Amino acid sequence: MKRTLLALTLLSAVPVLAIPPRLTLFITVDGLGSDTLLRHHRSLRGGLGQAIANGAFFPSVRFEYAQASTAPAHATLTTGANPWRHGVVSNRIWNRQSGRVERIFFDADHPALEAPPSEDDVSPQNLMAETLADSLRIATRMRGKAIALSGKARASIPMAGRLGQGWWFNEEVGKFVTGTWYAKELPRWARALNEKNPANVAFGKTWGLSLPEKSYLGEDDRPWESDWFGLGRKFPHPIGAGMSSPGPAYYAALASTPLAGDLLVQMARAAIDGEQLGRDEHPDLLFVGLSWFDPVFHSFGPNSWEIQDALVNLDRQVGELVAAAERAAGGRQNLLVLITADHGMAAIPEEWTAAGLPARRVNPTALQQGLSAELKRKFKADLFLGMDETDVYLNARAIAERSLDGAAVRRAAAHWLQSQPGIGLALARDDLFSSTDHAGFARALRVGYFPERSGDVLFFLDEHAVFIEENTGTSHGTPYSYDAVVPLVLLGKGVRAGVYRAEIPAVDVAPTVASALEIPLPSKCEGRARGEALGAR
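Rules used in this analysis
- Residues numbered from 1 in each chain as written.
- Predicted model: local features only at pLDDT ≥ 70, side-chain atom pairs only at ≥ 80, totals over all residues.
- Heavy atoms only, no water.
- Buried < 20%, exposed > 50% of the residue type's maximum accessible area, 1.4 Å probe, protein only.
- Helix = DSSP H or I, 4+ residues; strand = E, 2+ residues; numbered from the N terminus.
- Contact = heavy atoms within 4.5 Å.
- Salt bridge = Lys/Arg side-chain N within 4 Å of Asp/Glu carboxyl O.
- Patch = residues over 30% accessible without salt bridge, like charges linked within 9 Å, V, L, I, M, F, W, Y side chains within 5 Å.
- Areas by Shrake-Rupley, 256 points an atom, 1.4 Å probe, with all protein chains shown as cover.
- Pairing = 2+ DSSP bridges.
- Axes fitted to C-alpha atoms, helices over the stretch in contact; angles between N-to-C directions.

Caption draft 1: Focus on helix H3 (residues 47-54). Burial in H3 covers these residues: Gly47, Leu48, Gly49, Ala51 and Ile52. The secondary structure elements touched by the buried residues of H3 are helix H2 (34-40), strand E2 (56-62), helix H12 (305-329), strand E11 (335-341) and strand E18 (485-492).

Here's what the structure looks like:
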């Protein structure tokens, strides 16, 4: 009898956190910077607003590398590492073997299932670090499941890692697909959803305002906004206008509206039911990447009616995802929710200029042409291969054949770039780890550098400069706060609610989730768990 009482006493002393949440819902919002959320979060009454009010809210989570973009950020969020460890330096890279620009997750050996042949992202072959999904699968002996869904493959794939399942919306066929890395055939639940053609339901419809017009600040139609995908610059935005039937152009337009988020909610519900997520003692992970928010921001900017309305829809969609996950897990006590983003976005440069800030557009094509001409003038040879985003690639063969000093060529390219209007810092790879710190910004280039994939010269723009071909819209990809600082919200099991105002690095997100799930840290993790938000019992 005494032994029985002792055993019961010991069991009762085990903390609640010894039993991890049955289901973790990990939501990323593509392009939701902290500045945008902080301007509007008090007006949010749905799932996102409630999560901020009732959960642990970190307003300032910084990506520490210079090029804030989707693929590197999702890799960092799930590995706890910067690109110098996980190898995902950009959305695209110059493949020095093939001599061409390729998507970072392109893999000719693992094409997408039930989609036309393409050079799109399809597998985690180029992801050089273990992920949360991988760690969970190994820790549970493959009994815990990890499912990643997104409108973009370059978001889904790093979240799924090598051992989970990655799904994304294919704009060629208008359906959710995966790659043969993850599956040889579609599971019944995914096939059943695709056979309903849910993406076609919105054909010929419009994206209209969710609230009365008086609820929106500013003007609807502004000259700096873009008319990409035939959506127009003002509400209501037609989806598929002038088209006879759904096709790639329609699906691209759809993916740039909140209706694409509704599709992801449907897919998430199908995955929860089909994979029976959260139904047993083995913890499961469901990643949902709400990628539709990003093209809205690119087209219309942060102060537009479109972004204000996008936040209303995002607020609702987060609530629907949380409700579905909570039902699957059997209650909030069995659920952990995490909401964050992969990058922010610059304001439209003309808005900054109108406000009195020294903003400008920097044209990538003009910059490439100028650099190519400068190197030809200085070294009497064609030494410029190409530029992808802010990585410059030089022709190593031509440099060697002419017995040129490679470091001198790279430094000359960096020097020319540094002298151009709108360039903040440019460094040859030779000087990344030996140069002065350049007001702290050299580190942003260092931690984003992976020798086999990064350029020969790396640079980023001045503050308030936007790297974009078009004369409308905006973009991202710098180390400044409007691009690099995003929010983090934790809600549910084991979370200590509150507002945590100190800035933290994005590499802390993955170890915080691993700690909550009581699984090992991803192997190349360089962050630390935010224990201050995980103290509840």
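Caption draft 2: Region of the structure containing the pattern of salt bridges. Here the structure, examined in full by the defined rule, presents 30 salt bridges. For glutamate 119, the salt bridge is made with arginine 100, and the minimal N-O distance between the two is 2.8 Å. Here glutamate 119 is found in the loop between strand E4 (100-103) and helix H6 (132-139), whereas its partner arginine 100 is found in strand E4, with 19 residues between them in sequence. One continuous salt-bridge network, built from bridges that share partners, spans Asp30, Lys152 and Asp294.

Caption draft 3: Representation of a nonpolar patch on the surface. Together, Ile138, Met142 and Leu163 make up a nonpolar patch on the protein surface, roughly 250 Å² of accessible area in all. For isoleucine 138, the position within the fold is in helix H6.

Caption draft 4: Structural context of unusual backbone geometry. Along the chain, phenylalanine 235 connects to proline 236 via a cis peptide bond; the corresponding omega equals -5°. Tracing the backbone shows proline 236 in the loop between strand E8 (206-207) and strand E9 (237-238). At arginine 141, a residue that is not glycine, the phi angle is positive and equals roughly 55°. The residue arginine 141 is located in the loop between H6 and strand E5 (146-150) in this model. A positive phi angle, close to 55°, is found at serine 403, a residue other than glycine. Looking at where serine 403 falls in the secondary structure, it is placed in the loop between helix H15 (396-401) and helix H16 (406-418).

Caption draft 5: Geometry of the sheet that holds strand E15 (residues 423-428). With respect to topology, 4 strands assemble into an open sheet ordered E13-E14-E16-E15, the strand pairing being antiparallel. The sheet is open, and its two edges are formed by strand E13 (384-388) and E15, each paired on a single side. On average, adjacent strands in this sheet sit at an angle of 20° to one another, irrespective of strand direction. Where strand E14 (residues 391-394) meets strand E16 (residues 457-461), 2 bridges bridge the pair, whose relative direction is antiparallel.

Caption draft 6: Here's a closer look at helix H11 (residues 293-300). Buried residues dominate H11, accounting for 8 of its 8 residues. Taken together, the buried positions of H11 are Phe293, Asp294, Pro295, Val296, Phe297, His298, Ser299 and Phe300. Close packing links the buried residues of H11 with strand E1 (23-29), H2, E8, E9, strand E10 (284-290) and H12.

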